[in-house]
Structure formats: C-alpha cells, structure tokens
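# Structure assessment
Single-letter residue listing:
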Amino acid sequence: MNPAAAPSMTSRQPPRNGEPAGTQPTKPLGATEIFYRRLFEEAEPPDPGLAAPPRGNETILVVEDTGWLREVIRRGLQAFGYTVLEAAHGEEAIQLAEKHQGTIHLLLSDLVLPGISGRRLAARLGALKPGIKLLYMSGYPAETVVEHGVLDPGTAFIQKPFPPGALARKVREVLDG
C-alpha cells in the first residue's frame, strides 16, 4: 500500500466536547493542552492567605482562537457565575457583539488572533459597546509585551497559563476597577 495514500489516523478523531468536526484538533492532545486541562480541571490547593475566588454575574466575551482553551476558559468563568459569550477570532467577536442585545461587561481577548489583533478588536468593540472593560491574555509575560510595545504599561493583562481562581480574581479586579 502506498504510504502517501494511507488515511491519517490522527485526522479521524471523533468530536470532543461537542465541538463541530471542523473545529477539532487533527492531532492527539499535546503537552500544553494536557497541562492546561489539568490546571483547569483540578481543584486549586487552598491557600490560607488567599481569599476564595470572587463570583460574578456579568457577561464576558472570550476571544481565543484555540478551541479547547476557549472551552476551558468558558467553563472556568461559568463556574464562578459569569455568562460567557465566545468567539474564535475578532470578526466573529464583532458579529456576536453586534447581535447581543444586552450589556457585555468585559472583553477577555488573546493578544494574537487570526485576522485582527486583540488591540484592534478592543478598539472596534469599544466603539460598538461603550463602557466595555478589557482584559488581555497571552502566553508571553507582561514585561515582554510592554517592552515590545504590544501593550501599554498598566493595561489589564493575565499571562497564560492561569488556574481558574487566578482568572476569576483578575476578572473581578478589572470589572471592579
């Protein structure tokens, strides 16, 4: 049998977690995904010096192009009481915001997105939904993104990976700020 004609074993995985067939990864779970899923799914060890993560009831628009990561972020925020709208890229987020009748209190966006950057997305959504607050996320450290001019100093930012409690605390800090 011609190896080039052989079907790929990794491209025929069944749908996971309700994602449509076109949005699933075409390869087995990588180390990063396994780490992130464990980080979000395992309970954080109690820290006697740290208060329990705060709960909320606001609406958050999460924009993250990695499907499994967007899913665990959504589940984490919902566990703390938030309503979550989610988009895989900037244009989808803009369309979702245009259609959403209620208030969107916070945009939680990756800095690097396909098509439109997180910063440009925030500017467009700010014009569309005045008063929306902003929290960026990235795998790069805050110092690096500020140093390279990607973010201005003092911009709300959380570095990936983050446990759900840390995300809930940062979201509450931005919403209350």
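All of the points below concern the structure found in this document.

Basis of the calculations
- Residues numbered from 1 in each chain as written.
- Predicted model: local features only at pLDDT ≥ 70, side-chain atom pairs only at ≥ 80, totals over all residues.
- Heavy atoms only, no water.
- Helix = DSSP H or I, 4+ residues; strand = E, 2+ residues; numbered from the N terminus.
- Polar contact = N/O pair within 3.5 Å; in protein donor to acceptor, adjacent residues only side chain to side chain.
- Contact = heavy atoms within 4.5 Å.
- Pairing = 2+ DSSP bridges.
- Axes fitted to C-alpha atoms, helices over the stretch in contact; angles between N-to-C directions.
- Buried < 20%, exposed > 50% of the residue type's maximum accessible area, 1.4 Å probe, protein only.

## What about the side chain of Ser138?
Checked against the element boundaries, Ser138 lands in strand E4 (residues 133-138). In terms of polar contacts, Ser138 uses its side chain to reach the backbone amide nitrogen of Tyr140, at 3.1 Å. When neighbours within four sequence positions are excluded, Ser138 is seen to be in contact with Asp110, Leu111, Phe157, Ile158, Gln159 and Lys160.

## Thoughts on the sheet that holds strand E5 (residues 157-159)
Strand order in the open sheet formed by 5 strands is E2-E1-E3-E4-E5, and the pairing between neighbours is parallel. Edge positions in the sheet fall to strand E2 (83-87) and E5, since each of these pairs with one other strand and no more. Pairs of neighbouring strands in the sheet enclose a mean axial angle of 20°, with direction left out of account. Across the sheet, helix H2 (residues 67-79) touches strand E1 (59-63), E2, strand E3 (106-110) and E4, and the angle it forms with E2 is around 170°. Of the strands in this sheet, E1, E3 and E4 are in contact with helix H4 (residues 118-128), which crosses E3 at around 160°.

## Here's the deal with the environment of Gly102
Checked against the element boundaries, Gly102 lands in the loop between helix H3 (90-99) and E3. Judged by its relative accessible area of 33%, Gly102 is partly exposed. Sequence separation of Gly102 and Lys129 is 27 residues, and the distance between their C-alpha atoms is 9.9 Å.

## Comments concerning unusual backbone geometry
Going from Lys160 to Pro161, the amide bond is cis rather than trans, its omega being -5°. Turning to its location among the elements, Pro161 is positioned in the loop between E5 and helix H6 (164-176).

## Description of the side chain of Asp110
The topology assignment puts Asp110 in strand E3. Look at Asp110 and you get buried, because its relative accessible area is 7%. Those residues in contact with Asp110 that lie beyond four places of it in its chain are Val63, Glu64, Asp65, Gly118, Met137, Ser138 and Lys160.

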